[in-house]
Amino acid sequence: MGVEVSVEGLTKSFGSQRIWQDVTLTLPAGEVSALLGPSGTGKSVFLKSLIGLLRPEEGSIVIDGTDILQCSSKELYEIRKLFGVLFQDGALFGSMNLYDNVAFPLREHTKKSESEIRQIVMSKLELVGLLGAESKLPGEISGGMRKRAGLARALVLDPEIILVDEPDSGLDPVRTTYISQTLIDINAEIDATILIVSHNINLARTVPDNIGMLFRRQLVMFGPREVLLTSDEPVVKQFLNGTMIGPIGMSEEKDEATMAHEQALVEAGHHAGGVEDVEGIVPQMQATPGMPERKAVRRRQERVRSILHTLPEKAQQAILEDLEHGGVAPAHSGYPAQHGYADDDTQVIPVYSPEGPQQPQAQN
Ligand SMILES: Nc1ncnc2c1ncn2[C@@H]1O[C@H](COP(=O)(O)OP(=O)(O)OP(=O)(O)O)[C@@H](O)[C@H]1O
């Protein structure tokens, strides 16, 4: 099973520019989590901080018992071996074919023979649906294929933690769904802890077990998916519906006067954009039939059961309905097919409010 990642009081600035502050969350071992947020809120910076590529000035990031902000560079090197990372563009070497790109970490970091490497590379290429394309150069394939090749490369060292930066960027909705399915299947197969950074609403609604959101330099929320998906917080509702009405503006800050003006335009009949009636919880994607069962489902059921009383009312209702069905959707119910809960350490943290953070609703 993947390892837990525990972040506490993390603050990151570049010079005088504060990116986010006091971020506290735990990625439960073996579960899939997503970090959402408007562009520029520092999602990629967070992801790079987790792997030690960027160094927050305050806080801790504890992975497998080691705080990577305090450890030696040798320890950091060892911890990094636990990670597989898919960067936005796949980060492939342009002069190498897909086979050599995927084989690269094995040749760099292991003493495996070429026949062992071949077996691993082909199995990962098969997992991401790229068998037959191994001799192609990155420049000869589509963006979606490049992403899948990047994912195959991220998997060859059997990572316990997989970080995925915007798997949907540059992809059409159907290809985004395929890559989402691949991520769920990978979780089923290797039980790794996965963090997906994204602003894709469909992905957010259907893939993760846990969801967090960054906005205005704060982590406004992190917890079981039901918490964010049933939230009445204006910033969350606006983000999920993709409308212009709400605190998120074209630039990071939107003032009260702009919000009032936009509201008046809408009341006068102007279309605010977005999909207004997408509400509530939709079924979570399941592993493809024939794949191993996602072990995270059962673990998460137990974990969420134990923190249920600390969650907001609407989230509790959604979770209880799910548990009634044993975490498995009855046929044609339109009900979440598979969202169990486990472990004991996803916390729900203060919810964004214009007056500042409210009291924590749950904290483990
Ligand atoms: N190495 C760096 N040096 C200085 N500023 C940086 C650096 N990396 C990121 N930033 C700044 O940090 C802020 C957050 O960037 P980041 O890429 O993390 O946002 P994001 O939420 O991932 O955005 P998007 O969704 O558009 O990818 C931006 O203002 C960016 O300019």
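What counts and what doesn't
Residues numbered from 1 in each chain as written. Predicted model: local features only at pLDDT ≥ 70, side-chain atom pairs only at ≥ 80, totals over all residues. Axes fitted to C-alpha atoms, helices over the stretch in contact; angles between N-to-C directions. Helix = DSSP H or I, 4+ residues; strand = E, 2+ residues; numbered from the N terminus. Parallel < 35°, antiparallel > 145°, perpendicular 65-115°, else oblique. Left-handed = near helix turned anticlockwise from the far one by under 90°. Contact = placed C-beta atoms within 7 Å. Nonpolar A, V, L, I, M, F, W, Y, C, P; charged D, E, K, R; others polar. pLDDT = per-residue confidence, 0-100. Pairing = 2+ DSSP bridges. Near = placed C-beta within 6 Å. Core = buried A, V, L, I, M, F, W, Y, C linked by C-beta atoms within 7 Å. Buried ≥ 20, exposed ≤ 12 C-beta atoms within 10 Å, placed from the backbone.

- Per an unreviewed UniProt entry, the protein chain goes by ABC transporter ATP-binding protein and derives from Rhodococcus sacchari.

## Details of the packing of helix α3 (residues 98-109) against helix α5 (residues 143-155)
(1) Moving on: Running from N to C, α3 and α5 cross one another at 30°; their axes reach a closest spacing of 7 Å. By the criterion of interaxial angle, the relationship of α3 to α5 is roughly parallel. Seen along the crossing, α3 lies across α5 with a hand that is right-handed. Along the contact surface, α3 presents L98, N101, V102, F104 and P105, while α5 presents A149, A152 and R153.
(2) Moving on: Counted by class, the contact of α3 with α5 contains six nonpolar, one polar and one charged residues.

## Some remarks on the confidence of the model for the protein chain
(1) Moving on: Per-residue pLDDT for the protein chain averages 83, and the proportion of residues at 70 or more is 85%.
(2) Moving on: Confidence, expressed as mean pLDDT per element, reaches its minimum in the protein chain at helix α10 (residues 256-267) with 75 and its maximum at strand β1 (residues 5-14) with 97.
(3) Moving on: Low pLDDT, under 50, characterises residues 328-364; the predicted model gives this stretch 113 contacts beyond four residues in sequence or across chains.
(4) Moving on: Model confidence for the complex is summarised by a pTM of 0.83, with the ipTM given as 0.97.

## A word on the sheet that holds strand β7 (residues 161-165)
(1) Moving on: Strand order in the open sheet formed by six strands is β6-β7-β8-β3-β9-β10, and the pairing between neighbours is mixed. With partners counted over all chains shown, the strands left at the sheet margins are β6 (83-86) and β10 (218-224), one partner each. Mean inter-strand twist for the sheet, computed between neighbouring axes without regard to direction, equals 15°.
(2) Moving on: Bridge analysis of strand β9 (residues 210-215) against β10 gives six bridges, and the strand direction is antiparallel. From the neighbouring strand, M213 faces β10, where its bridge partner is M221.
(3) Moving on: Across the face of the sheet, helix α6 (residues 173-190) comes into contact with β3 (32-36), β7 and β8 (193-197) while running at roughly 165° to β8.
(4) Moving on: Relative to β9, helix α9 (residues 234-241) is tilted by about 105°, and along the sheet it contacts β3, β9 and β10.

## Notes on the site of the ligand
(1) Moving on: In the vicinity of the ligand, the contacting residues are F14, I19, G37, S39, G40, T41, G42, K43, S44, V45 and H199.
(2) Moving on: For the shell around the ligand, the element with the highest residue contribution is helix α1 (residues 43-50), accounting for three residues.
(3) Moving on: Residue composition of the shell around the ligand, grouped by class: three nonpolar, seven polar and one charged.

## As for the nonpolar core
As a rule of thumb, soluble globular proteins bury nonpolar side chains together.
(1) Moving on: Residues V102, L163, L183, I196 and M213 are the most contacted members of the largest nonpolar core, which totals 82 residues.
(2) Moving on: The contacts of I196, once residues within four sequence positions are left out, are V32, A34, V164, P167, L183, V207 and P208.

## Remarks on unusual backbone geometry
(1) Moving on: One non-glycine residue, E166, lies in positive phi territory at about 45°.
(2) Moving on: The residue E166 is located in the loop between β7 and α6 in this model.
(3) Moving on: If you check the backbone angles, D191 has positive phi at about 60° while not being a glycine.
(4) Moving on: In this fold, D191 is placed in the loop between α6 and β8.
(5) Moving on: Using a count of 19 C-beta atoms within 10 Å as the deciding quantity, one classes D191 as partly exposed.

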